[in-house]
Amino acid sequence: MTLLTRISAGFLLWAFGFSLLYALQGAGCAYGWQDIQLFGAALLRWVLVVTWLLLVAAGLALLRLTRSASSDFERRVTLATVLAGAGAMLITGSPVAFTSACA
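Described below are features of the structure shown in this document.

Thresholds applied
Residues numbered from 1 in each chain as written. Predicted model: local features only at pLDDT ≥ 70, side-chain atom pairs only at ≥ 80, totals over all residues. Heavy atoms only, no water. Helix = DSSP H or I, 4+ residues; strand = E, 2+ residues; numbered from the N terminus. Expected span 1.5 Å × (residues − 1). Contact = heavy atoms within 4.5 Å. Disulfide = S-S within 2.5 Å. Buried < 20%, exposed > 50% of the residue type's maximum accessible area, 1.4 Å probe, protein only.

**With respect to helix H2 (residues 43–61)**
Line of reasoning, step 1. Relative to the 27 Å expected for 19 residues at 1.5 Å per residue, H2 spans 27 Å between its end C-alpha atoms, a close match to the ideal helical length.
Line of reasoning, step 2. For H2, the secondary structure elements touched by its buried residues are helix H1 (3–30), strand E2 (41–42), helix H3 (72–93) and helix H4 (95–98).

Below, the structure written as structure tokens:
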């Protein structure tokens, strides 16, 4: 895997995840998923929160990319950008768990 791919993987996953959550929220609101109750919460909330948690886990799974780095510098830069991408996903995705999805 190239250096550029390793370095950008965390942020690419964040961009994909942010777009996916936004699309799921729009689809869920349009199709009435917020009115379907499942285990005490709206189906839309379940879909968004589970997707968000899977994306954060996928971001942390990218930490294995640090193993394939050929130098200490590459390993440190890859670690920093993967953690930054996972942290960005954790922070920017967290409103799906705490706010109303459809207003």
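Now that the structure is up, let's keep going.
**Looking at the state of the cysteines**
Line of reasoning, step 1. Across all of its chains, the model carries one disulfide by this definition.
Line of reasoning, step 2. A sulfur-sulfur distance of 1.8 Å marks the disulfide that ties Cys-29 to Cys-102. The disulfide joining Cys-29 to Cys-102 has a torsion of about -100° about its S-S bond and is therefore left-handed. With Cys-29 in helix H1 and Cys-102 in the segment after H4, this residue pair connects regions lying 73 residues apart in the sequence.
Line of reasoning, step 3. Judged by relative accessible area, which is 24%, Cys-102 ranks as partly exposed.

**Quick notes on the side chain of Thr-66**
Line of reasoning, step 1. Mapped onto the fold, Thr-66 is located in the loop between H2 and H3.
Line of reasoning, step 2. Its relative accessible area of 14% is what places Thr-66 among the buried residues.
Line of reasoning, step 3. The contacts of Thr-66, once residues within four sequence positions are left out, are Arg-75, Thr-78 and Leu-79.

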